[in-house]
Structures are given as structure tokens and as C-alpha cells.
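Each chain is listed here by its residues.
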Amino acid sequence: MSSIEDVAGLHREVHAAEGENLLETRDLTVRFGGLVALDSVTFDIRRGEILGLIGPNGAGKTTCFNAITGVYRPAGGTVVFDGAPLGRIKRHQITRRGIARTFQNIRLWGEMTALENVVVGTDARHRTSVPGAILRSPRHRREERDAIERAAALLHFVGIADRGEQKAKNLPYGDQRRLEIARALATEPKLLCLDEPAAGFNQGEKVALIELINKIRDDGYTVLLIEHDMRLVMGVTDRIVVLEFGRKIAEGVPSQIREDPAVIAAYLGVPDDEVQ
Amino acid sequence: MSAWAKLAHPGDELRQWWGGLSRHAKWLVGVVGFVLVGLFPLFPPPLLNTTGISLGGTLAQFAMTALIAIGLNVVVGSAGLLDLGYVGFYAVGAYTVALLTSPASPWNQLDASGVLTTKWAWLSCVPIAIAITGLSGLILGTPTLRLRGDYLAIVTLGFGEIIRLLADNLEGLTRGPRGLPGVAYPRVGENHVPGGYFSSGNASGAANYGTWWFWLGLVLVAIALLVVGNLERSRVGRAWVAIREDEDAAEVMGVNTFKFKLWAFVIGAGIGGLSGALYAGQVQFVAPTNFNIINSMLFLCAVVLGGQGNKLGVIFGAFVIVYLPNRLLGVHFLGINLGDLKYLFFGLALVVMMIFRPQGLFPVRQQLLTYGRSARDLLRRGDPASRAAT
């Protein structure tokens with residue numbers, strides 16, 4: 001089986017020793033007005049693992065995600081990525097540092113073709129600007145060639161190359177989700193964040209998605225996965241962090257999480273006679 | 001293809017044919033096409049000739065408006081930034097040339113102490129005009145491009161008015177409403193025609209000064225098309241379209257949105273300034289009334305009619321908004337001079353377009369990849385290993 005490196009020819013080292021921390025959040029807090037959406041959440045993402053972030057609706061999963069990827073500014077706490085804090089740097093710089101994400105509600109550029117969507121992802125690592133493009137400088141031409149080769153390879157990798165020339169908005173739903181993953185991989189991330197990638201999928205599509213995520217991990221990427229589907233989360237993740245009402249209530253390997261009374265209570269509720 | 005489908009997608013077959021041509025064939029077709037358009041004022045077909053006004057002059061105006069449409073299309077069509085004050089850049093370009101070369105201007109560089117020589121004055125002012133308008137785009141864009149949508153539109157509208165009001169009120173510099181006369185123009189062919197081919201004295205015959213300005217404008221349009229085309233098929237053009245489609249997603253995917261929006265503004269402004277320089281040279285007189293806000297709306301009308309984002313489409317739009325009023329000038333219907341009704345016609349045309357064809361006469365299908373043709377082969381090339389796995 002061809003790996004992402006084989007097909008996409010990565011320019012940077014995305015691997016590192018497995019086990020050490022790639023991302024650390026410390027007391028991460030996000031407030032919306034008076035609402036504390038995320039309350040002192042602390043967890044680590046280790047290199048090379050698939051970390052699941054789960055919790056009931058409104059638990060703060062996507063908020064946590066947005067705080068890590070720079071969409072929201074945390075009210076308190078820190079995020080340390082790859083040894084350096086993600087302080088007040090801009091969103092596009094966070095991508096260059098090596099965090100890429102997909103969106104829960106698909107956000108592709110509809111009027112662009114699938115291939116062009118992925119090429120914009122590769123552009124995050126390119127340096128040609130206006131003068132180079134006007135004069136068709138050698139670097140511009142090299143980057144252009146490299147971009148379409150890698151983008152086409154990534155479309156093959158996620159399995160939608162035959163639709164590469166269609167507008168993104170005309171792609172079937174499942175292919176749009178795959179396209180989002182290809183676009184995120186094109187930015188050559190160290191950490192790939194998937195926000196409910198299986199939403200709206202049927203069982204067969206979910207199985208294919210698990211295969212794809214495993215393949216991405218096997219290629220040395222670190223994955224942060226938000227997902228509702230328990231079977232999918234239990235089947236694919238190495239460790240799981242559980243949020244409820246903005247707080248972390250549990251952390252551990254899937255088998256521990258399955259037995260954890262707090263998690264069971266959060267998902268199933270607590271019988272009345274056990275409420276203190 | 002049914003007749004209706006053809007009507008709904010007028011550019012599709014043309015686009016397919018064009019996309020199938022090799023690079024050399026494209027250049028050949030382009031050059032032949034431009035020569036044919038250039039010959040138009042010399043051999044005007046009877047029905048297409050403008051009866052009330054010189055055809056050469058009309059086409060010169062068209063070439064300038066086409067440049068404006070190309071520039072505005074970068075801002076509005078590609079990057080999706082609604083700019084209602086584009087005429088401001090046109091004015092800055094025109095006033096730059098006028099202030100540097102008009103005998104009535106305090107900054108005139110053509111007198112004994114000036115740095116410009118009469119022969120080359122206009123040409124040397126063109127890059128200055130482009131640079132100054134580009135700079136004004138930078139100055140306007142830096143604080144305002146953090147705004148989005150309606151807010152940006154309002155601020156740019158204000159900018160267009162500010163430039164016109166400055167020109168109207170800075171009496172000591174621009175002579176206010178009296179304007180600046182005697183602007184420099186290219187001195188070519190002074191041995192053949194008094195004042196040269198580009199002089200307003202060269203007013204008779206088909207190859208009058210209007211036609212010469214049209215030819216000059218046509219060359220500049222071709223250059224602008226090449227520059228903008230190269231930009232579109234690069235990281236820059238893709239960033240613009242991504243910003244237009246979903247700005248937040250673009251930023252999260254590593255696009256420095258502010259920087260590329262600013263570039264769109266500066267490039268659009270520079271092309272508008274070039275058009276203004278052309279205008280100042282042709283008319284040899286610059287006054288504030290030429291830069292009314294209604295012109296901004298007309299330019300926007302050209303872009304919307306032609307098809308936002310489609311650079312050849314917006315040139316057609318520019319042709320429509322310049323040629324039709326001039327063609328109808330002096331044509332009487334029920335005692336009404338149809339040329340006077342241009343704003344009515346364009347207003348109606350816009351309303352009809354918005355209802356039936358919001359994407360414009362020639363909907364865009366932008367080429368955003370330099371090597372789009374080889375991309376097709378890459379996508380078709382089987383990759384059985386990864387296909388089987390997914």
C-alpha cells in the first residue's frame with residue numbers, strides 16, 4: 001500500500017519519536033460572555049496517536065477544537081504545540097506551524113474544482129507571491145508543477161481522483177468530506193484535526209473512513225478526532241478524552257473509558273436514587 | 001446541445017475549444033483576434049458605425065473602460081471585495097498625469113525647471129500614475145480590508161467621493177472645477193500630422209486620434225490580460241477565489257487573507273490608474289465632474305453584465321456600456337434621443353440580469369492552475385494501490 005509520502009512527496013519531516021507530546025493544553029478556558037464553554041481543560045496529544053475527543057452535545061468539543069486551531073482566542077490557559085506556545089499568532093500561521101483541520105459543516109470553496117481546493121492547501125507551503133506569478137519565475141513554475149502533482153496524488157489517496165475536475169459543490173456528500181481531509185493533508189500538518197468526519201455517513205462509509213484514518217496514522221500523522229459515533233471512536237482511537245459541560249471528566253484508553261462510571265453517567269444519565 | 005442550453009451557457013463551447021488549444025495556438029488566435037479588433041474602426045460595418053460621434057473616440061473610451069473592468073474584476077470578481085469607489089483610482093491616475101504635465105498645475109514638470117521632456121512626458125508619467133494609484137490602493141486597503149461585505153462597500157464609496165471632493169476643492173493645486181488643461185500626450189508622428197497622431201488636432205478620417213488612442217489602449221488591455229491571467233493561474237488567484245468563496249476557511253487553510261486582499265486592491269487600483277492616465281492623455285483635460293460616483297456604478301455595471309470573474313466577459317460588458325450609449329446618441333425614437341436614456345437602460349438591464357442571470361452574460365469558469373492540462377493526466381493515471389485501499 002502506498003503511503004502519503006510515496007504519493008505526495010512531503011517536504012518536511014512530520015514524524016517524530018512516538019509517545020512524546022505534540023500538543024499540550026493547560027487549563028484551557030473559553031468564555032462566551034457569561035457562558036464558560038471550556039473550563040480549565042488540560043490534556044496532551046502524543047505524537048503518532050489518534051486521540052478521540054468525545055462528549056454529549058454541547059460539551060465543548062468543537063469549542064476546544066476552535067481554541068486549538070486559533071478560531072477562538074482562549075480566555076485563559078495555554079496551548080503548546082511542538083514545543084512552542086501558540087500564543088497570539090494568526091490563524092494562517094497556525095496552519096503553517098503544522099495544525100490542519102476539517103470542518104463539521106463542510107466548508108469547501110464550492111466554485112473551485114476538487115483539485116484546485118487541494119492545491120490551495122498545498123499553497124500553504126509555497127512562497128510565490130505577486131511578482132513571481134506575473135513574471136512566471138522558475139520558483140513559481142516549480143511550485144505549480146509540484147502542487148498539482150501532490151494534489152492529484154492526495155485525491156488518489158482519499159479515493160476521489162476521478163472527480164478531481166468537478167466543482168467541489170457538485171461532489172456527493174461523502175466525497176466532499178474526503179476532499180476536506182485531502183485539503184487538510186495538503187498543508188502537510190503534524191496534527192490533523194477531524195471534526196465529526198463521519199457525520200451523515202452510513203455504516204459502509206464509516207468503515208471506509210476508519211480505514212482511511214488508520215492509514216493516515218500509519219503514515220506517521222497525529223490525529224485529533226471529534227466524533228459522536230461511539231463505535232467509530234472506540235474502534236479507531238488510541239486514547240480518548242471525554243468532555244462534559246466544558247470540563248474534562250475522563251481520559252484513558254477506549255476500554256477504560258467504556259467502563260468509566262462518570263462517562264456512562266454523562267451519556268446515559270444517572271438514576272434518580274443515585275443523585276446526591 | 002439544445003438551443004436553450006446553448007443560450008444558458010454561451011461561453012461553454014468556446015471555452016472548450018479554447019481549452020483544447022496548445023499554448024502556441026492560443027497565442028496565434030489571440031494575436032489575430034486583437035489585430036481584427038484593431039482594424040474595426042478603419043473599416044466600420046455600416047450598421048455598427050456610430051453616427052452621432054467619432055467611432056475612433058468611442059472605441060478609445062471602450063479601451064479605457066475595458067482596462068477599468070479588468071482591474072475592477074480583480075477586486076470584485078476574483079476576490080469578491082465589493083468596491084463602490086473605484087472611480088477614485090481612475091481619478092488619482094488621471095490627476096497624477098495632469099498635475100505633472102499641465103501648464104496650469106503648480107507641480108508642472110514640463111517647464112524650464114521640470115524634469116520631464118515634452119516628447120516623453122506622457123509615457124514617463126504612466127508608471128508614476130500606476131505607482132501612485134497602487135499606493136493609494138494600499139493606503140485605502142490597509143485600514144479598510146479588515147471590514148467585510150457591506151461595510152467595505154460603504155467605505156470605498158466614501159473614498160471615491162473624497163477623491164472627487166479633494167479635486168473639486170483644492171483650488172491651489174487642481175484649480176477646482178475649472179480643471180487642468182493641456183495635459184501631455186505621446187508625441188508620435190509630428191512630421192505627418194500637426195501635433196502628432198495622438199493629438200486632438202488629428203480629428204479627421206477613420207484613423208483619427210481616437211483610433212490611435214484605441215490602438216494604444218488595446219495594447220495595454222492585452223498586457224493587462226496577460227498579467228491578470230498569470231496571477232489567476234497562480235497561488236495568488238487561487239487565494240482570491242478561496243477568499244471570495246469562504247474567507248474563514250481560506251484563513252484556516254493557511255491563506256494570508258489580509259495580504260492577498262491587499263494585493264487585489266493594489267493591483268486593481270494600479271490598472272484603474274493606468275486607465276486614468278490614458279484618459280488624461282486622450283482628453284488632455286482633467287476636471288472633477290468626470291469622476292462622479294455614477295461612473296463607479298457604470299464600471300461595476302460592466303463587470304456584473306459581463307460576468308464577475310470572467311476577464312473576457314467584463315471586456316464585453318465594458319463594450320456594451322460604452323458603445324451602446326454612443327451608438328444610440330442622436331438616434332431619435334418618438335422624439336426622444338435614445339442616447340440620453342443610458343442610465344435607464346442600464347438600470348433595467350441590471351434588474352433583468354439579477355432576476356434571470358445573476359452570474360452575468362458570460363458566467364465564469366476561471367483557470368486557476370498553471371499546468372491545468374497536465375493535471376487531467378495526473379488525475380486519470382490509475383493509482384491501483386491506493387484505490388484498492390480506499
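Quick caveat: nothing in here was measured; it's all calculated off a predicted structure.

Conventions used here
Residues numbered from 1 in each chain as written. Chains lettered and ligands numbered in written order. Predicted model: local features only at pLDDT ≥ 70, side-chain atom pairs only at ≥ 80, totals over all residues. Helix = DSSP H or I, 4+ residues; strand = E, 2+ residues; numbered from the N terminus. Rg over C-alpha atoms; globule rule 2.2 N^0.38 Å. Buried ≥ 20, exposed ≤ 12 C-beta atoms within 10 Å, placed from the backbone. Contact = placed C-beta atoms within 7 Å. pLDDT = per-residue confidence, 0-100. Pairing = 2+ DSSP bridges. Axes fitted to C-alpha atoms, helices over the stretch in contact; angles between N-to-C directions. Expected span 1.5 Å × (residues − 1). Domains from an automatic or database assignment.

Undergrad: Is there a simple way to explain the overall build of chain A in this structure?
TA: From N to C terminus, chain A includes 11 helices and 10 strands. Relative to the compact-globule value of 19 Å for 276 residues, chain A shows a C-alpha radius of gyration of 19 Å, a close match. Looking at the 276 residues of chain A, the share that counts as buried comes to 47%. A separation threshold of at least 6 residues defines the contact pool for chain A, and within that pool the share at least 24 residues apart is 71%.

Undergrad: Can you help me understand the confidence of the model for chain B in this one?
TA: Atom-level detail of predicted coordinates should not be read off regions where pLDDT is low. Residue-level pLDDT values for chain B average 85, and 94% of them are 70 or greater. When the criterion is pLDDT under 50, residues 384–390 of chain B qualifies, and its contacts beyond four places in sequence or with other chains add up to 16 contacts.

Undergrad: Help me out: how do you make sense of the interface of chain B and chain A in this one?
TA: In many analyses, interface size is given as the accessible surface area lost on bringing the parts together. Listed as interface residues are 35 residues of chain B and, on the opposing side, 50 residues of chain A. Of all elements in the fold, only α9 (209–232), α10 (235–245), α11 (247–252), α16 (372–380) and α17 (384–389) of chain B reach the threshold of two or more residues within the side of chain B that touches chain A. Per-element tally for the side of chain B that touches chain A: the top contributor is α10 of chain B, with seven residues.

Undergrad: Just to check I follow, could you spell out unusual backbone geometry for this structure?
TA: For residues besides glycine, phi is generally negative; the peptide bonds are generally trans as well. Backbone geometry places E196 of chain A, a non-glycine residue, at a positive phi of 45 degrees. By the secondary structure assignment, E196 of chain A is in the loop between β7 (191–195) and α8 (203–218).

Undergrad: Hey, could you run me through the environment of R146 of chain B in this one?
TA: The topology assignment puts R146 of chain B in the loop between α6 (121–144) and α7 (150–169). In the structure, R146 of chain B is positioned 17 residues away from I163 of chain B in sequence and 21 Å away in space, judged by C-alpha atoms.

Undergrad: Where do I start with the sheet that holds strand β9 (residues 239–244) of chain A in this structure?
TA: Two strands in a sheet stick together by hydrogen bonds in their backbones, pointing the same way (parallel) or opposite ways (antiparallel). Residues and elements named next belong to chain A. Strand order in the open sheet formed by six strands is β6-β7-β8-β3-β9-β10, and the pairing between neighbours is mixed. Bordering the open sheet on either side are β6 (99–101) and β10 (247–252), each of which pairs with just one other strand. On average, each strand axis in the sheet is tilted by 20 degrees relative to the strand beside it, whichever way the strands run. Here strand β3 (residues 50–54) runs beside strand β8 (residues 222–226); their pairing, made up of four bridges, is parallel. Pairing of L51 across the sheet is with L224, part of β8. Against the sheet, helix α2 (residues 61–68) engages β3, β6, β7, β8 and β9, with an angle of about 150 degrees to β7. Those strands touched by helix α11 (residues 261–268) are β9 and β10, and its axis lies near 125 degrees from that of β10.

Undergrad: What should I look at first to understand helix α12 (residues 257–283) of chain B in this one?
TA: Residues three or four positions apart in an α-helix share a direction because the helix packs 3.6 residues into each turn. The end-to-end C-alpha distance of α12 of chain B is 39 Å, a good match for the 39 Å that 27 residues give at a rise of 1.5 Å each. For α12 of chain B, the tally of buried residues reaches 24 of 27 residues, placing the bulk of the element in the interior.

Undergrad: Looking at this structure, I do not really get the domain arrangement of chain A. What am I missing?
TA: Residues and elements named next belong to chain A. Under the domain assignment, chain A is made up of domain 1 (1–98 + 189–276) and domain 2 (111–187). Taking only C-alpha atoms into account, the centre of domain 1 sits 26 Å from that of domain 2. Counting residues at the interface gives 14 residues for domain 1 and 15 residues for domain 2. Where the side of domain 1 that touches domain 2 is concerned, the elements lending two or more residues are α1 (4–8), α3 (91–97) and α8. No other element matches the three residues that α1 contributes to the side of domain 1 that touches domain 2.

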